[in-house]
Amino acid sequence: EAQVTQNPRYLITVTGKKLTVTCSQNMNHEYMSWYRQDPGLGLRQIYYSMNVEVTDKGDVPEGYKVSRKEKRNFPLILESPSPNQTSLYFCASSRRQGLDGELFFGEGSRLTVL
Amino acid sequence: GDSVTQMEGPVTLSEEAFLTINCTYTATGYPSLFWYVQYPGEGLQLLLKATKADDKGSNKGFEATYRKETTSFHLEKGSVQVSDSAVYFCALSGKVNSNYQLIWGAGTKLIIKP
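Residues numbered from 1 in each chain as written. Chains lettered and ligands numbered in written order. Predicted model: local features only at pLDDT ≥ 70, side-chain atom pairs only at ≥ 80, totals over all residues. Heavy atoms only, no water.

**Focus on the overall build of chain A**
Regarding its fold elements, chain A presents zero helices and 11 strands. Along chain A, from the amino end to the carboxyl end, the secondary structure elements read β-β-β-β-β-β-β-β-β-β-β. Relative to its length of 114 residues, chain A is compact, with a C-alpha radius of gyration of 13 Å against a globular reference of 13 Å. By its C-alpha atoms, chain A is 40 × 30 × 25 Å across when sized along the principal axes. Here chain A, with 114 residues, has 49% of them falling under the buried criterion. Carbon and sulfur atoms provide 49% of the accessible area of chain A, an area that totals close to 5600 Å². Charged side chains of chain A number 14 positive and 12 negative; the gap between the two group centres comes to 5 Å. (Helix = DSSP H or I, 4+ residues; strand = E, 2+ residues; numbered from the N terminus. Rg over C-alpha atoms; globule rule 2.2 N^0.38 Å. Buried < 20%, exposed > 50% of the residue type's maximum accessible area, 1.4 Å probe, protein only. Areas by Shrake-Rupley, 256 points an atom, 1.4 Å probe, with all protein chains shown as cover. Lys, Arg positive; Asp, Glu negative; His and termini not counted. Charge placed at Lys NZ, Arg CZ, Asp CG, Glu CD.)

**Regarding the sheet that holds strand β1 (residues 4–7) of chain A**
Residues and elements named next belong to chain A. Sheet architecture is open: four strands sit in the order β1-β3-β8-β7, paired in antiparallel fashion. Each having just a single partner strand, β1 and β7 (65–66) make up the two edges of the open sheet. Alignment of strand β3 (residues 19–25) against strand β8 (residues 76–78), held across three bridges, turns out to be antiparallel. Within β8, the position partnered with Val21 by the bridge is Leu76. (Pairing = 2+ DSSP bridges.)

**Description of the sheet that holds strand β9 (residues 75–77) of chain B**
Residue and element names in this part refer to chain B. On the basis of which strands lie adjacent, the open sheet formed by four strands has the order β3-β9-β8-β7 and antiparallel pairing. With one partner strand each, in any of the chains shown, β3 (19–21) and β7 (56–59) form the two edges of the open sheet. Strand-to-strand twist across the sheet, computed as the mean angle between neighbouring axes with direction ignored, equals 20°. One ladder, built from three bridges, connects β3 with β9; its direction is antiparallel. (Axes fitted to C-alpha atoms, helices over the stretch in contact; angles between N-to-C directions.)

**Section: the nonpolar core**
Residues and elements named next belong to chain B. Core analysis: the largest hydrophobic core is formed by 27 residues, its most contacted members being Trp35, Leu47, Leu48, Phe73, Leu75 and Tyr88. Only β2 (11–14), β3, β4 (23–26), β5 (33–38), β6 (44–50), β8 (62–65), β10 (86–96) and β12 (108–113) provide two or more residues apiece to this core. Broken down by element, the residue count for this core peaks at four residues, all from β10. Sequence-distant contacts of Tyr88, defined by excluding residues within four places in its chain, comprise Gln6, Ile21, Trp35, Tyr36, Val37, Leu47, Phe62, Leu75, Gly107, Thr108 and Leu110. (Core = buried A, V, L, I, M, F, W, Y, C linked by side-chain atoms within 4.5 Å. Contact = heavy atoms within 4.5 Å.)

**Focus on a nonpolar patch on the surface**
On the surface, a cluster of nonpolar side chains totalling about 310 Å² of accessible area is made up of Ile12(A), Val14(A) and Leu114(A). Of note, Leu114(A) is situated in the segment after β11 (109–113). (Patch = residues over 30% accessible without salt bridge, like charges linked within 9 Å, V, L, I, M, F, W, Y side chains within 5 Å. Salt bridge = Lys/Arg side-chain N within 4 Å of Asp/Glu carboxyl O.)

**Things to note about the pattern of salt bridges**
A complete count under the given rule lists eight salt bridges over all chains for this structure. A salt bridge links Arg44(A) to Asp38(A), with the shortest nitrogen-to-oxygen separation between them at 2.8 Å. Owing to a relative accessible area of 24%, Arg44(A) belongs among the partly exposed residues under this scheme. Residue Lys56(B) is joined to Glu63(B) by a salt bridge in which the shortest nitrogen-to-oxygen separation is 3.6 Å. A relative accessible area of 33% places Glu63(B) in the partly exposed class. Beyond isolated ion pairs, a larger network of salt bridges with shared partners links Lys18(A), Lys65(A) and Glu79(A).

Take it as geometry only, folks, not as evidence of what the structure does.
Written out as structure tokens, the structure reads:
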């Protein structure tokens with residue numbers, strides 16, 4: 001089954017404790033992206049990757065890191081989480097990011113930073 | 001830059017009512033337009049799309065027509081069901097820093113009462 005898988009789905013952590021949210025897709029998609037969703041703010045892009053070893057900042061990259069060492073995986077790293085990073089995070093992938101690109105989303109990872 | 005504006009929610013309707021969720025956009029060029037839906041506890045999924053002016057996208061009883069003259073892509077459904085309760089996002093494919101990206105509206109929460 002074609003899917004984007006994120007882990008963990010739920011996480012409660014404390015300020016400053018490094019964490020990684022993993023994302024994996026099995027559709028051989030070139031494009032992958034991370035979003036955060038906050039009430040009243042809609043979806044905001046954190047980072048995206050057009051292909052392996054190619055990553056770029058989105059709208060709200062501060063406090064996050066990513067890497068794209070292989071096509072299927074695109075982990076999101078919070079080196080020193082802070083409470084303002086409490087949010088619902090989505091990973092998404094697409095065959096190509098173009099005029100007719102369809103994004104496939106994971107089920108989301110709800111992160112709480114105390 | 002390119003942007004998407006959609007009506008604020010929540011929108012509350014009774015079952016079998018007619019639905020319209022407004023979406024207008026600002027863009028240079030001729031973007032593709034999308035509606036995504038997010039059911040409770042899930043990631044977003046593509047509902048419908050239109051890639052050029054006067055195209056009509058349709059799926060699951062929902063329709064939206066790409067209106068270049070009014071820069072709009074309103075979502076409509078003739079008779080809503082309780083199962084349509086979700087958050088709906090309008091988006092366009094626009095150029096950001098030389099790459100095409102999806103630019104999102106803030107989302108409209110739809111509540112259907114039996």
